[in-house]
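Breakdown of the fold
The chain contents come next:
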Amino acid sequence: MSLLVGFSLVNALYFGGLRVISGVLSIGQLTAFLIYLVMLIRPMIAFGWVINILQQGSASMARLARILDTEPEIRDTAHADFSIQNILGEIVFHNVRFTHQASDRESLRGIDLMIPQGTTLAIVGHTGAGKSTLVNLIQRLYDVTEGELLIDGKNVKEIPLHVLREQIGYVPQETFLFSGSIGENHQLGHRQVQRRTFARGCQSLPYR
Ligand SMILES: Nc1ncnc2c1ncn2[C@@H]1O[C@H](COP(=O)(O)OP(=O)(O)OP(=O)(O)O)[C@@H](O)[C@H]1O
Ligand SMILES: [Mg+2]
């Protein structure tokens, strides 16, 4: 852009200067022409920026639309019991096996685990042992391939997805914060908070 601006000024000066010397153009006309030329520089640069921003925006919008249009594979099943409003927190894995879709190797095999309500449990193991996978099953980011996962004695698939996920606090291994306050990020997925946030035009929300 700077190169083009420089070239056009040099050209205008050179050819305009020749015309002034040969008497075709007055020095005033050349000066006026040069001033107009300089006045055009900023709008032309801004025009380029606007086109750039529009193209970036439309590319981002297309990617967003693709994500928003994606039908989630995991949703409430026909067995979901919508009378369940709360979970207490007893978690039982019963001979659970799990294989990732893109993989032909089992990530979890023969998991039998009982975590009583209100207890704290740390799961340790080497890289790739399946710790994250195990935790992701609880909130149904994946569904078990074989076996059963029970929460409060009910198969996790019977618990409405929003009830399950609203009541689980989860800090993922790769953390990501949306643009917004820490409070909004913390309460993401909480319906009341979302409604209030949208009502306020997505302004920052005091954390309670
Ligand atoms: N999306 C995926 N597709 C296919 N295989 C996967 C996927 N995610 C994890 N795996 C595989 O499942 C196994 C368990 O992975 P997981 O991420 O649960 O391990 P981890 O114990 O959490 O490891 P780390 O300590 O590195 O976090 C690994 O062999 C991994 O390669
Ligand atoms: Mg992990």
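Let me sum up the structure you'll find in this document. Predicted model only: the values in this text are computed from it and were never measured.

Turning next to the pattern of salt bridges. Scanning the model with the defined rule gives four salt bridges in all. Between Arg 109 and Glu 106 there is a salt bridge, with its nearest N and O atoms 2.9 Å apart. The exposure class of Arg 109 is exposed, given its relative accessible area of 57%. Here the salt bridges share partners, and the residues they tie into one network are Arg 97, Glu 106 and Arg 109.

Time to look at the coordination of the magnesium ion (ligand 2). Distances from the magnesium ion (ligand 2) to its protein donors, Ser 132 (OG) and Gln 173 (OE1), fall within 1.9 to 2.1 Å. Highlighted residues: Ser 132 in helix 3 (residues 131-138) and Gln 173 in the loop between helix 4 (161-166) and helix 5 (182-186), separated in sequence by 41 residues.

Here we come to the side chain of Arg 140. Turning to its location among the elements, Arg 140 is positioned in the loop between helix 3 and strand 3 (146-151). Within the local environment of Arg 140, its side chain forms a polar contact with the backbone oxygen of Arg 75, the two atoms lying 3.2 Å apart. Beyond its immediate stretch of four places on either side in the chain, Arg 140 contacts Ile 74, Arg 75, Thr 77, Val 156, Lys 157, Leu 161, Leu 164 and Arg 165.

Time to look at the site of ligand 1. In the vicinity of ligand 1 there are 13 residues, among which Ser 107, Lys 131, Ser 132, Thr 133 and Gln 173 approach most closely. In the environment of ligand 1, an oxygen atom lies 2.7 Å from a nitrogen or oxygen atom belonging to the side chain of Lys 131. Thr 133 places a side-chain nitrogen or oxygen 2.5 Å from an oxygen atom of ligand 1. Notes on ligand 1: free accessible area 640 Å², of which the protein chains cover 65%. Of the residues forming the shell around ligand 1, the biggest block, three residues, is contributed by helix 3. Across the shell around ligand 1, the residue classes tally to one nonpolar, ten polar and two charged.

Looking at soluble globular proteins, one finds that nonpolar side chains tend to be buried together. In this structure, Ile 91, Phe 93, Leu 137, Leu 149, Ile 151, Ile 159 and Leu 164 are the most contacted members of the largest nonpolar core, which totals 21 residues. Of all elements in the fold, only strand 1 (91-99), strand 2 (106-115), helix 3, strand 3 and helix 4 reach the threshold of two or more residues within this core. Ignoring anything within four residues of it in the chain, the contact list for Leu 149 reads Ile 91, Val 92, Phe 93, Val 96, Leu 137, Ile 138, Val 144, Lys 154, Asn 155 and Val 156.

The next subject is a nonpolar patch on the surface. There is a patch of nonpolar side chains on the surface, built from Leu 121, Ile 123, Val 135, Leu 141 and Tyr 170 and spanning about 390 Å² of accessible area. Structurally, Val 135 can be placed in helix 3. For Val 135, a relative accessible area of 31% corresponds to the partly exposed category.

Cut-off values and rules
- Residues numbered from 1 in each chain as written.
- Chains lettered and ligands numbered in written order.
- Predicted model: local features only at pLDDT ≥ 70, side-chain atom pairs only at ≥ 80, totals over all residues.
- Heavy atoms only, no water.
- Salt bridge = Lys/Arg side-chain N within 4 Å of Asp/Glu carboxyl O.
- Buried < 20%, exposed > 50% of the residue type's maximum accessible area, 1.4 Å probe, protein only.
- Donors = N, O, S within 2.8 Å, 3.2 Å for Na, K, Ca; no water.
- Helix = DSSP H or I, 4+ residues; strand = E, 2+ residues; numbered from the N terminus.
- Polar contact = N/O pair within 3.5 Å; in protein donor to acceptor, adjacent residues only side chain to side chain.
- Contact = heavy atoms within 4.5 Å.
- Near = heavy atom within 4 Å.
- Areas by Shrake-Rupley, 256 points an atom, 1.4 Å probe, with all protein chains shown as cover.
- Nonpolar A, V, L, I, M, F, W, Y, C, P; charged D, E, K, R; others polar.
- Core = buried A, V, L, I, M, F, W, Y, C linked by side-chain atoms within 4.5 Å.
- Patch = residues over 30% accessible without salt bridge, like charges linked within 9 Å, V, L, I, M, F, W, Y side chains within 5 Å.

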